[in-house]
There are 2 protein chains.
Amino acid sequence: MSVTIRDVAQASGVHVSTVSRTFSAPHLVNAETRTRVLAVAEQLGYRPNRAARSLTTGRTNNIGLIVADLANPFFPPLIKAAQAAARRQDYHLFVADTDENPAEEEDLVLAFSKQVDGIVLCSPRLSNKALEKLAKRVPFVLVNRRIRGLTTVVMDVAQGARAAMEHLAGLGHRRVALVSGPSGSWTSGEIRKAVLETPDLETVVIGPNSPTEEGGLAVAAQVAEAGVTGVLAYNDLVAIGLIEGLGALGVGVPGDISVIGFDDSITGRLYRPKLTTVAMPAGDAGRMAVDLLVQSMSAATVLETHLVVRESTAPPKGVP
Amino acid sequence: MSVTIRDVAQASGVHVSTVSRTFSAPHLVNAETRTRVLAVAEQLGYRPNRAARSLTTGRTNNIGLIVADLANPFFPPLIKAAQAAARRQDYHLFVADTDENPAEEEDLVLAFSKQVDGIVLCSPRLSNKALEKLAKRVPFVLVNRRIRGLTTVVMDVAQGARAAMEHLAGLGHRRVALVSGPSGSWTSGEIRKAVLETPDLETVVIGPNSPTEEGGLAVAAQVAEAGVTGVLAYNDLVAIGLIEGLGALGVGVPGDISVIGFDDSITGRLYRPKLTTVAMPAGDAGRMAVDLLVQSMSAATVLETHLVVRESTAPPKGVP
DNA sequence: TTGAAAGCGCTAACAG
DNA sequence: CTGTTAGCGCTTTCAA
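Small disclaimer: the values here were computed from a predicted structure and weren't measured.

Visitor: What exactly am I supposed to notice about the pairing of strand β6 (residues 175-179) of chain B here?
Guide: Strand residues, when the strand is regular, have side chains that alternate between the two faces of the sheet. Residue and element names in this part refer to chain B. Counted residue by residue, β6 has 4 buried out of 5 residues, so it is predominantly covered. When β6 meets strand β7 (residues 202-206), the two strands line up parallel, connected through 5 bridges. Within β7, the position partnered with Arg-175 by the bridge is Glu-202. For the crossover that starts at β6, traverses helix α9 (residues 186-197) and ends in the parallel β7, the hand is right-handed.

Here it is in structure tokens:
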């Protein structure tokens, strides 16, 4: 095998415990000794074995990150920020993908549990009860799901949805549709509530839908026939799929119908028409979740969202 | 702490080694005993501690995956497939991001080395020499980088680039530009070579460039003034940035200039005009890399690429 | 400030 | 088929 603490001890003429201390409690060791040990370690290419360390300390310095779908453009910025935050604090990040499958989600949490100090669970599809039970086995923080008593980081989608509705109302729209997300999604529920409470706007809810381009595409005809002039979609992908589908039906965006997305993903930002969308602070959420775990703090954090107006919204036909 | 093999042994009235065998060599244990142990384990919520296991076996059942930029849409499909492949074989996947920084890349490899059975290094920016040296410390497979003697999975970008050039030539273009990628990029070099060898086409190389939308945007003016009617961009993001920049200059795509991307990313597929692009089998590469690592096989694999013709290419002006 | 010794949870010979 | 034993690489009392 490779070079161990013992090799370093031997080569530098001290006991293994001194070498150990040099790395995990440097202040407890004589400066000269430390320098020497460090030099030898460097020269031998010694790296502490974290598995062995974790066996004695009970800590792994690993964090697990579980998302619904790695290929959904919403997640990569979150993962990127989480990884950077972890790395800054000398943690490593496991990443896994549930494919929107609650059973897989539970399996993954359990599989990770012995190997991590905590888990970041993004947009979990598991029931509250299941989540509460799991929380007893391993610390975790929930992203975009709020459960009393658990540590959470949520983005204020209700506020974002309200802003979107107000934008539509301000443009002169009166009857709009919400193309909602998957049924297990907490954010979709929050958005729904916020939308239905909006005054001055008659809202029809279409869904649940898959949170993908296909999801949007599939309801295009339904939207076209709903007699609405504006739409709030569950996310940018759904919005784009919808716009594509509408286009195929000869319905223009924003000419005939205005469409607003959610996420402010790179895909939506570059799409034409450039998507009006609710920006989600995914990077902030990833970073905060990791920080909360590392500091093992419990908290219920709410992150602001905001509307980004671009080119997929306009006044309804007939309104100047 | 949590429930260990000892608790299970005690509760089921057998020795720890029997419990151990029940999990790691089930065929060596009496069916009845096994059933009983499994039942007790299940009931106690026992999960083997992989860190402890790895200490004795020398294997971790972990794999590290290092990419240049998690937020680049090229990588998520690769990561997703790699994770799925790992999970299928009971491996966990560490993911990290180097931000295109070679020093960070090396650090990450070293940091992972003791905690994984192998590393998948995607589009590394490190020198051949540095990579060869690292390969002595931990097994890895290189994706999109070819070095003799190391295990590699590369996508045949040269072939893809040739197909793109032939498509352009077939459309009637005679003078084109290659908007290349970062200088350390192996794929960019391969593409460059292939492009310059293409007959019947006069090619000007513009770059190196950052592999992002900004990279493309930044050279739009240069492209507009290069007297070319076609462009092959390093990736979809660069292509899109370029098209945006060209648009701002009043140059239409594909009306005035045809643009081809690379990757066939979701962002390019949804963009308007829908991007003509060279499809890269990123998922296959991720899966194969993990499989090679798990089977600890060495090989030099080449994956096919293919041109997807969509709407960002057309005959040059004046050619019907 | 350093050394000695025990032990983290598990596996792998080796006996029986 | 099952129990015994030693030990993986490291940290952590406890003494010196």
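Visitor: Before we go on, may I ask you to explain the relation of the copies chain B and chain A in this structure?
Guide: Two chain copies here: they are related by a rotation about an axis and a translation along the same axis. Between chain B and chain A, which share one sequence, the superposing operator has a rotation angle of 180° and an axial displacement of 0.1 Å; the RMSD is 0.2 Å. What the superposition gives is, in effect, a two-fold axis relating one chain to the other. Taken as a fraction of all interface residues of chain B, those also at the interface in chain A reach 100%, which identifies the copy contact as same-surface.

Visitor: Where do I start with the sheet that holds strand β9 (residues 258-263) of chain A in this structure?
Guide: Within a sheet, each strand pairs with its neighbour through backbone hydrogen bonds, oriented either parallel or antiparallel. Residues and elements named next belong to chain A. Reading across the sheet, the 6 strands line up as β7-β6-β8-β9-β10-β12 and stay open at both edges, with mixed pairing between neighbours. With partners counted over all chains shown, the strands left at the sheet margins are β7 (202-206) and β12 (306-308), one partner each. The mean angle between the axes of side-by-side strands here comes to 20°, regardless of whether they run parallel or antiparallel. As paired elements, β9 and strand β10 (residues 276-279) share 4 bridges and run parallel to each other. Looking at the pairing, Ile-260 lines up with Thr-276 of β10.

Visitor: What is the right way to look at the environment of Arg-145 of chain B in this model?
Guide: Residues and elements named next belong to chain B. On the secondary structure map, Arg-145 appears in the loop between β4 (140-143) and β5 (151-155). Residue class for Arg-145 comes out buried when judged on its relative accessible area of 7%. Distance from Arg-145 to Leu-70, taken between C-alpha atoms, is 18 Å for residues 75 residues apart in sequence. Each residue touching Arg-145, except ones within four places of it in the same chain, is listed here: Pro-124, Arg-125, Leu-126, Ser-127, Asn-128, Leu-131, Thr-152, Val-154, Gly-184 and Trp-186. At a separation of 2.8 Å, a polar atom in the side chain of Arg-145 contacts the main-chain carbonyl oxygen of Pro-124. A distance of 2.6 Å separates a polar atom in the side chain of Arg-145 from the backbone oxygen of Leu-126.

Visitor: Just to check I follow, could you spell out the sheet that holds strand β10 (residues 276-279) of chain B for this structure?
Guide: All names here are of chain B. The mixed open sheet is built from 6 strands, whose spatial order is β7-β6-β8-β9-β10-β12. On the outer flanks of this sheet lie β7 and β12 (306-308), each paired with one strand and no other. Along the sheet, successive strands turn relative to each other by an average axial angle of 20°, direction set aside. Note that strand β8 (residues 230-233) and strand β9 (residues 258-263) share 3 bridges and pair parallel. Considered in β9, the bridge of Gly-230 is made with Ser-258. Set on the sheet, α9 makes contact with β6, β7, β8 and β9; between it and β7 the angle comes to about 155°. Here helix α12 (residues 236-248) sits on the sheet in contact with β6, β8, β9 and β10, set at roughly 155° to β9.

Visitor: Would you mind showing me how to read the side chain of Thr-203 of chain A here?
Guide: Residue and element names in this part refer to chain A. Among the structural elements, Thr-203 can be located in strand β7. Thr-203 sits in the buried class, given a relative accessible area of 19%. Ignoring anything within four residues of it in the chain, the contact list for Thr-203 reads Val-176, Leu-178, Val-195 and Leu-196.

Visitor: Would you mind showing me how to read the protein's contact with DNA strand C here?
Guide: The local shell around DNA strand C holds 26 residues, among which Thr-33 and Thr-56 of chain A together with Ile-5, Ser-20 and Arg-53 of chain B are the closest. Backbone atoms, meaning sugar and phosphate, form 66% of the atoms of DNA strand C found within 4 Å of the protein. Take Ala-52 of chain B: an N or O atom from its main chain is 3.1 Å from a base nitrogen of DNA strand C. Arg-53 of chain B is positioned such that a nitrogen or oxygen atom in its side chain is 2.6 Å from a phosphate oxygen of DNA strand C. For the surface near DNA strand C, the elements supplying multiple residues, two or more each, are α2 (16-24) and α4 (50-57) of chain A together with α1 (5-12), α2 (16-24) and α4 (50-57) of chain B. Element by element, the count of residues in the surface near DNA strand C is highest for α4 of chain B, at 5 residues.

Visitor: Please explain the pattern of salt bridges as it appears in this structure.
Guide: Pairing between side chains of opposite charge can happen when the charged atoms of each approach one another. As enumerated under the stated definition, the model contains 30 salt bridges over all chains in all. Arg-87 of chain B is the partner of Glu-104 of chain A in a salt bridge, and the nearest nitrogen-oxygen pair spans 2.6 Å. Separated into two different chains, Glu-104 of chain A in helix α6 (residues 102-113) and Arg-87 of chain B in helix α5 (residues 75-88) make up a pair that spans both. With respect to burial, Glu-104 of chain A and Arg-87 of chain B carry one shared label: buried. Close ionic contact of Arg-175 of chain B with Glu-202 of chain B constitutes a salt bridge, the shortest N to O distance being 2.8 Å. With Arg-175 of chain B in strand β6 and Glu-202 of chain B in strand β7, this residue pair connects regions lying 27 residues apart in the sequence. Taking the relative accessible area as the measure of exposure, Arg-175 of chain B reaches 29% and is therefore partly exposed. Assessed through its relative accessible area of 46%, Glu-202 of chain B is described here as partly exposed.

Visitor: Honestly, the protein's contact with DNA strand D in this entry has me stumped. Any pointers?
Guide: If you check the shell around DNA strand D, you find 26 residues, and the closest are Ile-5 and Arg-53 of chain A together with His-15, Thr-33 and Thr-56 of chain B. Here DNA strand D approaches the protein such that, of its atoms within 4 Å, sugar and phosphate make up 65%. Separating a base nitrogen of DNA strand D from a backbone N or O atom of Ala-52 of chain A is a distance of 3.2 Å. Here a sugar or linking oxygen of DNA strand D sits 3.0 Å away from a polar atom, N or O, in the side chain of Thr-56 of chain A. Mapped by element, the contributors of at least two residues to the surface near DNA strand D are α1 (5-12), α2 and α4 of chain A together with α2 and α4 of chain B.

Visitor: Help me understand the packing of aromatic side chains in this model?
Guide: Here the distance between the centres and the angle between the planes together describe a pair of aromatic rings. All names here are of chain A. As enumerated under the stated definition, the model contains 7 aromatic pairs over all chains in all. Ring geometry for Phe-94 and Phe-112: centres 5.4 Å apart, planes at 25°, overall stacked. Placement of the pair is Phe-94 in strand β2 (residues 92-97) and Phe-112 in helix α6, with a sequence separation of 18 residues. By relative accessible area, Phe-94 is classed as buried at 0%.

Visitor: How should I be thinking about the interface of chain B and chain A in this particular structure?
Guide: Buried accessible area, meaning the area lost when the parts come together, often serves as the stated size of an interface. Residue-level contacts link 51 residues of chain B with 51 residues of chain A. Interface area, chain B with chain A, both sides summed: about 4600 Å², of which 55% is carbon and sulfur. Contact with chain A buries area across many residues of chain B, yet Arg-47, Lys-80 and Lys-114 of chain B alone supply 16% of it, more than any other trio. At the boundary of chain B with chain A, the tally comes to 16 salt bridges. A salt bridge links Glu-244 of chain A to Arg-272 of chain B; the shortest N-O distance between them is 2.9 Å. Run the count over chain B and chain A and you get 27 residue pairs in polar contact (both at pLDDT 80 or more). Where the side of chain B that touches chain A is concerned, the elements lending two or more residues are α4, α5, β2 (92-97), α6 (102-113), α12 and α13 (266-270) of chain B. Its residues assigned to classes, the side of chain B that touches chain A comprises 24 nonpolar, 11 polar and 16 charged.

Rules of the game
- Residues numbered from 1 in each chain as written.
- Chains lettered and ligands numbered in written order.
- Predicted model: local features only at pLDDT ≥ 70, side-chain atom pairs only at ≥ 80, totals over all residues.
- Heavy atoms only, no water.
- Buried < 20%, exposed > 50% of the residue type's maximum accessible area, 1.4 Å probe, protein only.
- Helix = DSSP H or I, 4+ residues; strand = E, 2+ residues; numbered from the N terminus.
- Pairing = 2+ DSSP bridges.
- Right-handed = clockwise from strand over helix to strand, strands pointing away.
- Least-squares fit on C-alpha atoms with pLDDT ≥ 70 in both.
- Contact = heavy atoms within 4.5 Å.
- Axes fitted to C-alpha atoms, helices over the stretch in contact; angles between N-to-C directions.
- Polar contact = N/O pair within 3.5 Å; in protein donor to acceptor, adjacent residues only side chain to side chain.
- Near = heavy atom within 4 Å.
- Salt bridge = Lys/Arg side-chain N within 4 Å of Asp/Glu carboxyl O.
- Phe/Tyr/Trp six-rings, centres within 6.5 Å; stacked < 30°, edge-to-face > 60°.
- Buried area = accessible area lost by both parts, 1.4 Å probe.
- Nonpolar A, V, L, I, M, F, W, Y, C, P; charged D, E, K, R; others polar.

On their own, these measurements won't tell you what the molecule is for.
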